[in-house]
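# Coordinate analysis (summary)
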Amino acid sequence: MPAPGPDHQSPATRPSSPPQAAGPVPGRRGAGVDESRPFGAHIRMSWWGPLVVLVVPPVVMVLLQVLFFQVVGVIEGSGDPMSATFTPLKLLAVNLSVGIAGVVAILLPARLAKVPWRGLISSPRAFDGRRLARYLLGAALLVSAGIGVVALVAPESPGWVAFGVSGTTILMLVVTVLTTPLQSVGEELMFRGAVLPAAASWVRAVRPALAVGLVVSSLAFAVVHGSGDPWLFGYYTLIGVATGLMAIISRGIEAPAAFHIANNVLFSSVNTLMADGGSYVIDRSTDTGDAALLILAAVNVAMVALVWARERRTRMAAWNEHRTTRQDP
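Scope of this entry: the structure provided in the associated data block. (Residues numbered from 1 in each chain as written. Predicted model: local features only at pLDDT ≥ 70, side-chain atom pairs only at ≥ 80, totals over all residues. Heavy atoms only, no water.)

### Some thoughts on the overall build of the protein chain
Here is the rule we go by: Put simply, DSSP H or I for four residues or longer makes a helix, DSSP E for two residues or longer makes a strand, and each gets a number counted from the N terminus. Think of it in three bands: residues with accessible area under 20% of the maximum for their type are buried, residues over 50% are exposed, and the middle band is partly exposed, with areas taken using a 1.4 Å probe on protein chains only. Here, two residues are considered to be in contact whenever any of their heavy atoms come within 4.5 Å of each other. Reported accessibility uses the Shrake-Rupley method at a 1.4 Å probe radius. Residues are deemed covered only where the shown protein chains occlude them.
Scanning the protein chain from N- to C-terminus turns up eight helices and zero strands. Scanning the protein chain from its N terminus toward the C terminus, one meets helices and strands in the order α-α-α-α-α-α-α-α. For the protein chain, with 329 residues in total, the buried portion stands at 46%. Within the protein chain, contacts between residues separated by at least 24 positions form 81% of all contacts whose residues are at least 6 apart in sequence. Carbon and sulfur atoms make up 68% of the accessible area of the protein chain, which amounts to about 15800 Å² in all.

### Details of a nonpolar patch on the surface
To keep it simple, the criterion reads: A patch consists of residues whose relative accessible area exceeds 30% and which take part in no salt bridge; residues with like charges are grouped when within 9 Å of each other, and nonpolar side chains (Val, Leu, Ile, Met, Phe, Trp, Tyr) when within 5 Å. Any carboxyl oxygen of Asp or Glu within 4 Å of a side-chain nitrogen of Lys or Arg constitutes a salt bridge here.
On the surface, a nonpolar cluster with roughly 600 Å² of combined accessible area is contributed by F163, V165, I170, V174, V177 and L178. By the secondary structure assignment, F163 is in the loop between α3 (129–153) and α4 (167–200). Taking relative accessible area as the criterion, F163 reaches 56% and is therefore assigned exposed.

### Structural notes on the nonpolar core
As a reminder of what qualifies: The term nonpolar core refers to a set of buried residues drawn from Ala, Val, Leu, Ile, Met, Phe, Trp, Tyr and Cys, joined through side-chain atoms within 4.5 Å.
In this structure, V53, V143, Y236, M246, F259, M303 and V307 are the most contacted members of the largest nonpolar core, which totals 62 residues. Elements that contribute at least two residues to this core include exactly α1 (49–76), α2 (88–112), α3, α4, α5 (206–224), α6 (230–250), α7 (254–273) and α8 (293–327). For this core, the element with the highest residue contribution is α2, accounting for nine residues. With residues up to four places along the chain from it excluded, the contact list for V53 reads M45, P58, L108, P109, A194, V195 and A198. Of all hydrophobic cores here, the second largest spans seven residues; its members include A41, A200, L214 and I248.

### Some points on α3
Short version of the rule: Any helix carries an expected span of 1.5 Å times its number of residues minus one. N or O atoms within 3.5 Å of each other form a polar contact, as long as, within protein, one can give a hydrogen and the other can take it, and as long as residues adjacent in sequence are counted only when both atoms are side-chain atoms.
The terminal C-alpha atoms of α3, which comprises 25 residues, lie 36 Å apart, in line with the 36 Å expected from a rise of 1.5 Å per residue. For α3, the complete set of buried residues consists of R131, Y135, G138, A139, V143, G146, I147 and V150. Structurally, the start of α3 carries an N-cap: the backbone nitrogen of R130 is 3.1 Å from a side-chain oxygen of D128.

### Regarding the environment of Y280
Within the element layout of this structure, Y280 appears in the loop between α7 and α8. By relative accessible area, which is 8% here, Y280 ends up buried. Here the alpha-carbon distance between Y280 and F86, two residues 194 residues apart in the chain, equals 5.8 Å. If sequence neighbours within four positions are ignored, Y280 has contacts with A84, T85, F86, L91, M172, S268, N271, T272 and A275.

### Comments concerning the pattern of salt bridges
The full count for this structure, using the stated rule, is six salt bridges. For R125, the salt bridge is made with E254, and the minimal N-O distance between the two is 2.7 Å. Taken together, the positions of R125 in the loop between α2 and α3 and E254 in helix α7 put the pair 129 residues apart, joining distant regions of the chain. Residue classification places R125 among the buried residues on the basis of a relative accessible area of 0%. The partner of R131 in a salt bridge is E311, and the shortest N-O contact between them spans 2.8 Å. Residue R131 is located in helix α3, and its partner E311 is located in helix α8; the two are separated by 180 residues in the primary sequence. Each of the salt bridges in this network shares a partner with another, and the network as a whole consists of D128, R131, R310 and E311.

### A few points about α4
Quick note on the threshold: Bend is computed residue by residue as the angle between axes fitted to the seven residues ending at the residue and the seven residues starting at it.
Helix length check: α4 (34 residues) gives 47 Å between terminal C-alpha atoms against 50 Å at 1.5 Å per residue, within 8%. At T179, α4 shows its largest kink, close to 45 degrees, and the proline P181 lies no more than four residues downstream.

### Focus: the packing of α1 against α2
In helix packing, the relevant descriptors are the interaxial angle and the interaxial distance, both defined with respect to the helix axes. The criterion, for reference: Lines fitted to C-alpha atoms define the axes, with helix axes restricted to the stretch in contact, and inter-axis angles between N-to-C directions lie between 0 and 180 degrees. Angle categories are assigned with fixed cut-offs, so that under 35 degrees is roughly parallel, over 145 is roughly antiparallel, 65 to 115 is roughly perpendicular, and the rest are oblique. In this scheme, a crossing is called left-handed if the near helix is turned counterclockwise away from the far one by less than a right angle; it is called right-handed if the turn is clockwise. Any residue outside Ala, Val, Leu, Ile, Met, Phe, Trp, Tyr, Cys, Pro, Asp, Glu, Lys and Arg is labelled polar, Gly included; the first ten of those are nonpolar and the last four are charged.
As a packed pair, α1 and α2 sit with axes 8 Å apart at the nearest point and diverge in direction by 155 degrees. Relative to α2, the element α1 is oriented roughly antiparallel. In this structure, α1 crosses over α2, and the sense of that crossing is right-handed. Each residue belonging to the contact of α1 with α2 can be placed in one class, and the counts come to 23 nonpolar, three polar and two charged.

### Points about the packing of aromatic side chains
As a reminder of what qualifies: Centres within 6.5 Å make a pair out of two Phe, Tyr or Trp rings, where for Trp the six-membered ring is used; the pair is then stacked when the planes are under 30 degrees apart, edge-to-face when over 60, and tilted otherwise. For a ring to carry a charge above it, either NZ of a lysine or CZ of an arginine must fall within 6 Å of the ring centroid while also lying within 35 degrees of the normal to the ring plane.
Enumeration over the complete set of coordinates arrives at four aromatic pairs. Ring centres 5.4 Å apart and planes at 85 degrees place the aromatic pair F191 and F221 in the edge-to-face group. Taken together, the residues F191 in helix α4 and F221 in helix α5 connect sequence positions 30 residues apart. There is no split in this pair, since F191 and F221 are both buried. For the pair F221 and Y236, a centre-to-centre distance of 6.5 Å together with 75 degrees between the ring planes defines the contact as edge-to-face. Taken together, the positions of F221 in helix α5 and Y236 in helix α6 put the pair 15 residues apart, joining distant regions of the chain. What makes Y236 buried here is its relative accessible area of 12%. Members of the aromatic cluster, joined through ring pairs, are F191, F221, Y235 and Y236. Sitting above the plane of the Y135 ring, R310 keeps its charged end 5.5 Å from the centroid.

If you want it as structure tokens, here you go:
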């Protein structure tokens, strides 16, 4: 979070603002972008625009999943293509449908608010691939630690059966590694790139706007995951809040996307390896969640702390460099 500025200083003694670590890109300003406001509260839309952004992408996602599942059912000869058991083709169908819905979600506010689509990924700075890579490494370490703790203290909670490798296992791992990042980024585009700033545009004051954006996007994220279990619904809401804070603090979606990729790829891989050579089941019905989710919640909180610490260090380094440059003759 930004460090508080100096208090009670006259214009003559007040230091100039430090430069941003990565400045705005020329030509990025659009009719609906206010780059003086923090990411997450930086676009302006008509009052009805956020409703479109909230409703249309999830509908597109559900329709695509139903369509893709029917196709998979024909290919696999399944009598119940809508079952909760995940095969390689069903996992591919889910990942592609979410990825496509994420693209739709970004295009909607870009069109409705005349916002450059890049401004919905990061603002006012440009997208930073190195930021994504660094956060991906940190997230992988944190998520791996969380999985390890769950395996030690609550191995029955995730529904693991036994370690096993088969042809199905290999195919599931290939689909997971190649396409789960698309699904993870799709959800970040949908909820942190589009819904968060769209909902925040309902309120003008910055802090209340960010609060509204966080609440709406986090609840929408939990609802879309379709769980009636209080533990799971609360956990998905927490993920929404945590990733939303990561986006606001870092002024873009690289950090939450990195965390989402690491979390989904690693958990899907472990679930696959611990399915005894078969397919795993994702059950989000009532009474499927438990207190073991608190371990994973702690991983989310740790990632927010990591993003805050790194972004603060980056800003301080930029500020010190700026001061040194100003003092040079």
